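# What the coordinates show
Below, each chain spelled out in residue letters.
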Amino acid sequence: MPKIVPYSKGSVIFFEGDKADKIFILQSGSVTLTTTDIVTHESIKEQLSVGQFFGLKSVLARKTRIETATAMSDSQVVMLTLPEFEKNFSNNKAIISKMFGVFTKALIEWQGKTERFLKSGNLDLSREEKMELVAKSLLEDERYFSAQNQCEKIFRDIKEPCNKESVEGLLAQAKEKLSQQETIGASFWGSDKPPIADFSAALLKQFSLPIFERFKKSFSDGEVIISEFTKVKSFYFILEGEISVEKYINGKMKLYGMIGPGEFFGELELIEEMSRSASCIARGNVTCLKFGKDNFKSVVAENGTAAMSVLKTLSSKIYSQRRALKILCIKELSVRVADVFLMYDEDGLSINSDPDSESLERKFYITVSDMAEWASITVDEARDELNKFASKNKVAIYADYMVVSNIMDMKRTVDSYYSNLDDEKKK
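These numbers were taken from a predicted model, which means no experiment stands behind them.

Residue position: E128 is located in helix 4 (residues 127–140). Despite its burial, E128 pairs with no opposite charge; the closest candidate is R127, at 5.5 Å N-O.

Bringing the nonpolar core into the picture now. Core analysis: the largest hydrophobic core is formed by 47 residues, its most contacted members being F85, F100, F207, F237, F264 and F291. If one sorts the elements of this core by residue count, helix 10 (residues 304–328) sits on top with 8 residues. Counting residues in hydrophobic clusters, the runner-up holds 32 residues, among them V340, A382, L386 and I407.

All right, on to the sheet that holds strand 7 (residues 68–71) then. Adjacent strands of a sheet form backbone hydrogen bonds with each other and so pair up, either parallel or antiparallel. With antiparallel pairing, 4 strands are arranged side by side in an open sheet as 2-7-4-5. For this open sheet the edge positions go to strand 2 (12–14) and strand 5 (43–47), each flanked by a neighbour on one side alone. Pairs of neighbouring strands in the sheet enclose a mean axial angle of 30°, with direction left out of account. Bridge count for strand 2 against strand 7 is 2 bridges, and the pairing is antiparallel.

Once that is clear, we can look at the packing of aromatic side chains. Within the structure shown, the criterion is met by 26 aromatic pairs. Aromatic side chains F85 and F89 sit 5.4 Å apart centroid to centroid with 35° between the ring planes, which places their arrangement in the tilted category. Taken together, the residues F85 and F89, both in helix 2 (residues 82–89) and 4 residues apart, mark about one turn of the helix. For the residue pair F85 and F89, the accessibility class agrees, reading buried in each case. Taken together, the ring pairs in this structure connect F100, F207, F212, F215, F235, F237, F264, F291 and F296 into an aromatic cluster. The residue whose ring lies beneath K363 is Y401, and the NZ or CZ to ring-centre distance is 4.5 Å.

Conventions used here
Residues numbered from 1 in each chain as written. Predicted model: local features only at pLDDT ≥ 70, side-chain atom pairs only at ≥ 80, totals over all residues. Heavy atoms only, no water. Helix = DSSP H or I, 4+ residues; strand = E, 2+ residues; numbered from the N terminus. Buried < 20%, exposed > 50% of the residue type's maximum accessible area, 1.4 Å probe, protein only. Lys, Arg positive; Asp, Glu negative; His and termini not counted. Salt bridge = Lys/Arg side-chain N within 4 Å of Asp/Glu carboxyl O. Core = buried A, V, L, I, M, F, W, Y, C linked by side-chain atoms within 4.5 Å. Pairing = 2+ DSSP bridges. Axes fitted to C-alpha atoms, helices over the stretch in contact; angles between N-to-C directions. Phe/Tyr/Trp six-rings, centres within 6.5 Å; stacked < 30°, edge-to-face > 60°. Lys NZ or Arg CZ within 6 Å of the ring centre and 35° of its normal.

Written as structure tokens, this is what we have:
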């Protein structure tokens, strides 16, 4: 049962970095959330209103706290577990709808911070010209099928594009290159995929019923399922396979994350009624359920299990975006690389060489190119930094994966960087 807990003035309800297992609602008094801005390192404070939830996103995302909650006066809060929250609020349409909006706006803010940090503002170009840039970037990355698919989407989405000739040229190049290349789809996680979360498993069971068969659609490796900058027409639920979420920034496609079975995608833009904010590309063969905009209410908003899944996905995206920006703010390239390994490990994307032991060796299905994308550096820079670790026997580099001999080496590298940063502030 939810509990009412009193806190005296000055009491800390939870600290930044604490394990997140409780959700709170401010019933009376005054509570402030304090966090540190990733980019400026300045302290940010948010005054909560009575009736406001707090500590929710970290519990939904299964991450540690990113702020400190302090009672500024004698206060009372309602404290509940995630199962209690789901039981009491998952079918409350008003609260869920409000949270959709709050979480979506938070994610958009984090995406905006990342783009501003990378000095990638909105380009003064037409929609089809922006889509052409995505196709060009995919072609330059030698992802020829994706480039071809992107060009075809431009012609499907826009009847008479202003850049018709140049897109036709890119399409011809992609087809020619594709005819010379045999592409084999590879899993992002290799053969050791992480387990499917309980709520995702429940949705998979629900959406595998015969009634949803007519919504089923298959995609092949490299197919652009959602193209950035296009108008919103549908959203998807993944039954099988993996999808990379990518965004065009500074002339390159930047990896924003990977999603798998039991997850929705494309729902963000429906909530905020905006054009696509990222591209979703099949990584290997993928099977999805494709729903139209008119299905959102019945499939998600009025389905408690699905609504909670979307909230959990949005929370994870917010934390992932914040985590990715934190890496980009690191000035030393070697530390960025080390922190990418830590991020993968935190997200459960590492394989312990011997799960039955306390081994600190980790296997990561990440390539040099993937590392370059996450660290926002060139492939050559990523290779140089990884070779430095390899020369010290800290990292072994293979074609489609890497092995970190001791994950604590990466943590010490990152901790040392932030410790030196704190020392410099005090001077």
